[in-house]
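Structure assessment
Listed here are the chains, written in short residue letters.
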Amino acid sequence: MGSDRAELARLSSGRNWSKAIRLLDAILARSPSSIHDLCNRAFCYSKLELHKHVVKDCDRALQLDPALLQAYVLKGKALSALGKKEDALVVWKQGYEIAVRDTMDLKQLLELEELVSSVKIFESTESSDHVMDASPCDTKVVISEDRVVDTSFTAATTADTKTVVCEEAIGNSKVCSNGDTKLMNNNNNKVDNNKGLSSPVKDTTGAQAPKKAPKLYKKNKGKATKDINGRAEGGAERRSSGESETIALDQTLFATKISKSSKSISLDFRLSRGIAQVNEGSYDQAISIFDQILRETPTYPEALIGRGTAYAFQRELDSAISDFTQAIQSNPSAGEAWKRRGQARAALGEFNEAIEDLTKALEFEPNSPDILHERGIVNFKFKDYNSALEDLSTCVKRDKKNSSAHTYLGLTLSALGEYKHAEDEHLIGIKYDESFLDCWAHLAQLYLDLAYPEKLLNCLEKAIQIDSRFAKAYHLRGILYHGMGRHRSAIKELSVALTYEGSSIECLYLRASCHHAIGEYKAAIKDYDDVLDLELDSMDKFVLQCLAFYQKEMALYIASKANLEFSQFNIDDDVDPLFKEYWCKRLHPKNVAEKVYRQPPLRISLRSGRLSKQDFKFTKHQTTLLLAADSIGKKIQYNCRGFLPNQRQYRMAGLAAIEIAQKVSKAWRFLRNPKNIAKLVRRDKLNMSQNRGGYCSTSTLSGSPPSSPNEDRVSSGISLSWQDVYNIAVKWRQISEPCDPVVWVNKLSEEFNSGFGSHTPMLLGQAKVVRYYPYYQRVLEAAKTIMLDLKYVNNAEDRAIFLTDIEKLKKIEVASSCSDLYHIVGETYWVATRCDSMALQGRRLEGTRITTQNMGKTGFDFAIRTPCTPSRWEEYDEEMTAAWEAICEAYCNDTNPTRDPGTLDAVKDAILRMTYYWYNFMPLSRGSAVVGYVVLLGLFLAANMDVTASIPPDVQVDWEAILTPDPDAFVDAVKPWLYPSIKISRSLKDYTDVSCAFSTTGSVVAALTSVDP
């Protein structure tokens, strides 16, 4: 120990502060509670102007000894140098009060009194741009308990170069000569002057986690800033003559020591210069300086950390990691090297390794809010939300004003389903920094996820008021308008976002989708091409690029149909099955491009015509029809979290329901004629093998949906099949949002044989899916009931896993989570819900599969799936045929059903039973939920019944069907809120025929688009 103290005295006398710090690191590793060594290291940090580290060490010392006056002096000076004058005054006052009570050290008492007075004098002046240093004073560096070296220094001067390293990047920062910082916005380098040094600026050997930097190491392309808050780079020239003399005295003192230890002084000076270059964004110059140092001292840890940081800002992450690794090898106790390597590894997506490094860094700084903040962000990105919650909660307890930690805590809580608490955390982050744009964006994202459009718009308006060039705000507003069916409005917002962030693939793709939906095919193709031409840096963006390929082909297809009859718009029959399969699965289009016929170019596709302004001018009858459609269609809205109101989808649903009602009503009128029924009965006897649906249904042998029925077919007496009815709604759903791959599953390629189907998660890892997690507990109880009833489950290979062991069955009974069930079974498994047959008494169909899949540390995928195989399709085709026939019989057997309440009740029940089988069938790649309810509305309308009620809050009709074991139970669940709202109405006869009013594909697109003129 004596030799360490002698060496510390030698290094301190030689002004070799960086080596002194390393020696103190080693001493504190052996004696972490040595308050004098903590103050010694704080003093050394102050000489290198690493003020944040000064504060950290003083805080640790004061935790051990709250009466340690030297710590109050050093901490206050560091805060003052950081521009936090008010905080410095509070610290000095605390120390002064303690000194007054215990006057054993008069020198420290007088020093604290002088410091407090100096700040008060500063506050009384009106010159806000004048930075007053604390008075020069003697500060003790304790070398041993009985030996003291006195060293004179001021709180802050402008003579030395700042040794501050910027942290990674959403907050791009620049450091001026006086140590103040400008925080630059990602999008336009707009200055944030409101928070002084709260920006993510870092000390060299133990940097603070970024207060505004959710992304790692994004290179700052802005230029160095020369003036901040009115303080110019040449601020020393405006100082008083006394201050100038102090600076000159320090420089003279520095010069007198050169002959004794010029090498160490030169090394620290060059190190500081290199760090300053990093701060100014001059990364190449910084690397050059560090290279010179490392040529002389190849294992110098601080230089390796500095160069690694410069590499990291240049996105040369492998080189950065190499330097940080060498620094660790040279000095394994260099916590900053562990921390920075963790950040670099996180930027590369190496989350496990990043967390290991950050955990190691915490060993050197236990409970450091900065490192907890960093690790919390990495855990969040790694989707380990429980660990992120623990880290970030601890961080904000220790650093209450860390806005970045609060907003990431908000994101984490949102993923875990704690939405109110999440909102509170975002608002706390904004409270501490109202100009923190990312915090506003994260809060807006929460409102978008929850489908709170008013709150979202208010939030984004405030963000834009702070920075009118904040691209993310316009992007989020574009997403909102798109989700509400206001595609023209979305295009305007996305175009603004692209003026500030022209290479945003997300904005380009979404704008292309909006142009596509409203019939602006030329603009859509251009945007899709731009997406395909972009260089990518992530898998998520690659998926968008793949989708752009498919969407471009679909835009060309729809353009070619613009002036043709809407009945000729038929994705399921016209588009190659392989193309549809790859589109649905978002697969790489290489095989499709080689094997599938491509759509002709736009100039050929548009030969049949294009949308014109005339298409958006509607007649009185058309306008009446659109208003009626809007009123009917809004009944599809789920009043649950996550479901935005969508005017375009309302109109789609209303027009589809009216068209269904018109065609079904005409078919029923035909069937109620006894002569026509006799003809159909005779035909059925001749074609029994081809018509399993009776006189009201004509099913094809393949079970595939035919093209939409035309008027000739209905009027000639050929009746509708259940597939004809549902296909009307399917086509409207396809054209209303053409970027959603809505197709009949059995019209895909050979994947139909292997069970392609829907996948709806309630829990993804640890994240609770906002729309569907409310059904988690009911699904869990359903799974437990099935397991206890059948005493087996199926694994991923569809092999049975038997659960006959009594202990296992007891554990299943008390299981409270999908995790509990998984550990009982021991592997990925699924069970099928019960769905009792109506077509064949006693038969039980496979309903929906409840699946639990282990995702490792991040949790479980707990979801419902409906794989659609040929055998399953055949079974449900029989059920749908029988259900459709039951509806027709219930309505057509009475020549005037509206006068008989009993007949109407039978029709109502029959409609709900077919809806029940549709939802358990789920025969579409997506969109089955809305299509099912649209058909329900259309069938009630065909039977002269209007549904006047909205779906109750927190009820999703498709989930109600999935979780009931038979159709009658579903009827009992739905009719208490549905039947009382049903009113007898003959309004259908007042509506213009939909297929005549909007006969072409272009006119249909125009009708849907006019909701957002």
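Predicted, not measured: the structure shown is a model, and the values here were computed from it. (Residues numbered from 1 in each chain as written. Predicted model: local features only at pLDDT ≥ 70, side-chain atom pairs only at ≥ 80, totals over all residues. Heavy atoms only, no water.)

**Focus: the overall build of the chain**
Secondary structure assignment for the chain yields 45 helices and 18 strands. A total of 1013 residues make up the chain; the buried ones form 60% of that total. Of the contacts made within the chain by residues no fewer than 6 positions apart, 67% connect residues no fewer than 24 positions apart. Surface exposure of the chain reaches about 41000 Å², of which carbon and sulfur atoms provide 51%. (Helix = DSSP H or I, 4+ residues; strand = E, 2+ residues; numbered from the N terminus. Buried < 20%, exposed > 50% of the residue type's maximum accessible area, 1.4 Å probe, protein only. Contact = heavy atoms within 4.5 Å. Areas by Shrake-Rupley, 256 points an atom, 1.4 Å probe, with all protein chains shown as cover.)

**Details of the packing of aromatic side chains**
In this description, an aromatic ring pair is defined by two values, namely the gap between the centres and the angle between the planes. Within this structure, the stated rule accounts for 35 aromatic pairs. Ring plane angle 10 degrees and centroid distance 4.1 Å describe the contact between Tyr726 and Trp918, whose orientation is recorded as stacked. Of this pair, Tyr726 sits in helix α34 (residues 722–736) while Trp918 sits in helix α40 (residues 901–921), and the two are 192 residues apart along the sequence. Given a relative accessible area of 0%, Trp918 falls into the buried group. Ring centres 6.0 Å apart and planes at 85 degrees place the aromatic pair Trp744 and Trp918 in the edge-to-face group. Of this pair, Trp744 sits in the loop between α34 and α35 (751–754) while Trp918 sits in helix α40; the two residues are 174 residues apart in sequence, bridging distant segments of the chain. By way of ring pairs, the aromatic residues Trp722, Tyr726, Trp744, Trp873, Tyr876, Trp918 and Phe921 are connected into one cluster. Lying across the ring of Phe643, Arg771 places its NZ or CZ 4.1 Å from the centre. Here the basic side chain of Lys908 rests over the ring of Tyr979, its NZ or CZ set 5.1 Å away from the ring centre. (Phe/Tyr/Trp six-rings, centres within 6.5 Å; stacked < 30°, edge-to-face > 60°. Lys NZ or Arg CZ within 6 Å of the ring centre and 35° of its normal.)

**Here's the deal with the pattern of salt bridges**
Applying the stated criterion across every chain yields a total of 49 salt bridges. Asp59 is paired through a salt bridge with Lys75; the nearest N and O atoms lie 2.6 Å apart. Taken as a pair, Asp59 in helix α4 (residues 51–64) and Lys75 in helix α5 (residues 69–81) lie far apart in primary sequence, 16 residues in all. Via salt bridges that share partners, Asp25, Arg41 and Asp57 belong to a single interconnected network. (Salt bridge = Lys/Arg side-chain N within 4 Å of Asp/Glu carboxyl O.)

**So, the nonpolar core**
Counting residues in each nonpolar core, the largest one holds 251 residues, and the members touching the most others are Ile658, Trp668, Trp732, Trp884, Tyr933, Leu939 and Leu978. Sorting elements by how many residues they give to this core places helix α31 (residues 647–671) first, with 14 residues. When near neighbours in sequence (up to four residues on either side) are disregarded, Ile658 contacts Leu625, Ala628, Ala629, Ile632, Leu941, Leu988, Tyr991 and Val994. Ile35, Leu68, Tyr72 and Leu74 belong to the second largest nonpolar core, which has 37 residues in total. (Core = buried A, V, L, I, M, F, W, Y, C linked by side-chain atoms within 4.5 Å.)

**Quick notes on the pairing of strand β12 (residues 792–795)**
Bridging between β12 and strand β13 (residues 800–802) involves three bridges; their strand directions are antiparallel. Bridged to Tyr792 within β13 is Phe802. The pairing of β12 with strand β14 (residues 829–836) spans two bridges and is antiparallel. From the neighbouring strand, Asn795 faces β14, where its bridge partner is Tyr829. (Pairing = 2+ DSSP bridges.)

**Here's the deal with the sheet that holds β14**
Strand order in the open sheet formed by seven strands is β11-β10-β16-β15-β14-β12-β13, and the pairing between neighbours is antiparallel. Looking along the sheet, the strands with just one partner apiece sit at the ends: β11 (767–768) and β13. Bridge count for strand β10 (residues 757–765) against β11 is two bridges, and the pairing is antiparallel. Note that in β11 the partner of Leu763 across the bridge is Lys768.

**Notes on the pairing of strand β16 (residues 860–867)**
In terms of burial, β16 is a largely internal element, seven of the eight residues being buried. Here β10 pairs with β16 via eight bridges, running antiparallel. Paired with Leu764 across the bridge in β16 is Asp861. Where strand β15 (residues 844–854) lies against β16, six bridges are found, and the strand directions are antiparallel. Of the residues in β16, the one forming a bridge with Thr852 is Phe862. Hairpin geometry of β15 and β16 is characterised by an intervening segment of five residues between the two adjacent antiparallel strands and by a positive phi of about 80 degrees at Gly856.

**Concerning the environment of Val957**
With respect to the helices and strands, the residue Val957 is situated in helix α42 (residues 957–962). The spacing of Val957 and Ala973 is 16 residues in sequence and 9.7 Å in space, taken between C-alpha atoms. Filtering out sequence-adjacent residues up to four positions away, Val957 remains in contact with Tyr638, Tyr919, Tyr933, Ile951, Phe970 and Trp977.

**Some thoughts on helix α16 (residues 385–398)**
In this model α16 runs 20 Å from its N-terminal to its C-terminal C-alpha over 14 residues, within 8% of the 20 Å that 1.5 Å per residue would give. Among the residues of α16, Tyr385, Ala388, Asp391, Leu392, Cys395 and Val396 are the ones counted as buried. Relative to the axis of α16, the buried residues are bounded by an arc of 125 degrees and lie together on one face. Looking at α16, the residues exposed on the side facing more than 90 degrees away from the buried face are Glu390 and Lys397. (Expected span 1.5 Å × (residues − 1). Arc of directions from axis to C-beta.)

**Remarks on unusual backbone geometry**
The bulk of non-glycine residues show a negative phi, and the bulk of peptide bonds are trans. With phi around 65 degrees, Asp798 is a residue other than glycine that occupies positive phi space. Tracing the sequence through the fold places Asp798 in the loop between β12 and β13. Residue classification places Asp798 among the partly exposed residues on the basis of a relative accessible area of 45%.

**Focus: the environment of Arg270**
Relative to the helices and strands, Arg270 resides in helix α9 (residues 258–279). As for Arg270 and Ile289, which are separated by 19 residues in sequence, their C-alpha atoms are 7.0 Å apart. Apart from the residues lying within four places of it in its own chain, the contact partners of Arg270 are Ile289, Gln292, Ile293 and Glu296.

**What to know about the packing of α31 against α34**
Where α31 meets α34, the axes come as close as 9 Å, and the angle between the chain directions of the two elements is 155 degrees. Taken together, the axis directions place α31 and α34 in an arrangement best described as roughly antiparallel. For the pair α31 and α34, the sense of crossing is right-handed. Taken together, the residues of α34 that come into contact with α31 (itself represented by Arg648, Gln649, Met652, Leu655, Ala656, Glu659, Ile660, Lys663 and Val664) are Val725, Ile728, Ala729, Trp732, Arg733, Ile735 and Ser736. Its residues assigned to classes, the contact of α31 with α34 shows 10 nonpolar, two polar and four charged. (Axes fitted to C-alpha atoms, helices over the stretch in contact; angles between N-to-C directions. Parallel < 35°, antiparallel > 145°, perpendicular 65-115°, else oblique. Left-handed = near helix turned anticlockwise from the far one by under 90°. Nonpolar A, V, L, I, M, F, W, Y, C, P; charged D, E, K, R; others polar.)

**With respect to the packing of helix α17 (residues 403–415) against helix α19 (residues 437–450)**
Closest axis-to-axis distance for the α17/α19 pair is 10 Å, and the angle between their directions is 15 degrees. By the angle between their axes, α17 is roughly parallel relative to α19. The way α17 lies across α19 gives a crossing that is left-handed. In this structure, α17 uses Thr407, Tyr408, Leu411 and Ser414 to contact α19, whose residues at the interface are Asp438, Cys439, His442 and Leu446. Looking at side-chain class alone, the contact of α17 with α19 contains four nonpolar, three polar and one charged residues.

**Digging into the state of the cysteines**
In total, this model carries zero disulfides according to the counting rule given. In this structure Cys439 is a free cysteine whose sulfur lies 8.6 Å from that of Cys459, the closest cysteine sulfur available. Residue Cys439 is classed as buried on the basis of its relative accessible area, which comes to 0%. (Disulfide = S-S within 2.5 Å.)

**A short note on helix α6 (residues 85–101)**
An ideal rise of 1.5 Å per residue puts 24 Å on 17 residues; α6 measures up with 24 Å between its terminal C-alpha atoms. For α6, the full list of buried residues reads Lys85, Ala88, Leu89, Val91, Trp92, Gly95, Ile98 and Ala99.

**Re the environment of Val378**
Residue placement: Val378 occurs in helix α15 (residues 369–381). Sequence spacing of Val378 and Ile355 is 23 residues, and the spatial spacing of their C-alpha atoms is 7.0 Å. What Val378 contacts, discounting residues up to four positions off in sequence, is Ala346, Phe351, Ala354, Ile355 and Leu358.

**Some words on the side chain of Asp323**
Within the fold, Asp323 resides in helix α12 (residues 317–330). Not counting residues up to four positions away in its chain, the partners in contact with Asp323 are Leu304, Arg307, Gly308 and Tyr311.

**Here's the deal with the confidence of the model for the chain**
Per-chain confidence: the chain averages 81 in pLDDT, with 77% of residues scoring 70 or above. Note that pLDDT drops below 50 for residues 688–695; the model gives that stretch 22 contacts with residues more than four away or on any other chain. Between residues 697–717, whose pLDDT stays under 50, and residues either more than four places distant or in other chains, the model counts 63 contacts. (pLDDT = per-residue confidence, 0-100.)

**A short note on the side chain of Lys908**
You can see Lys908 is positioned in helix α40. Relative accessible area serves as the criterion here: at 11%, Lys908 is assigned to the buried category.

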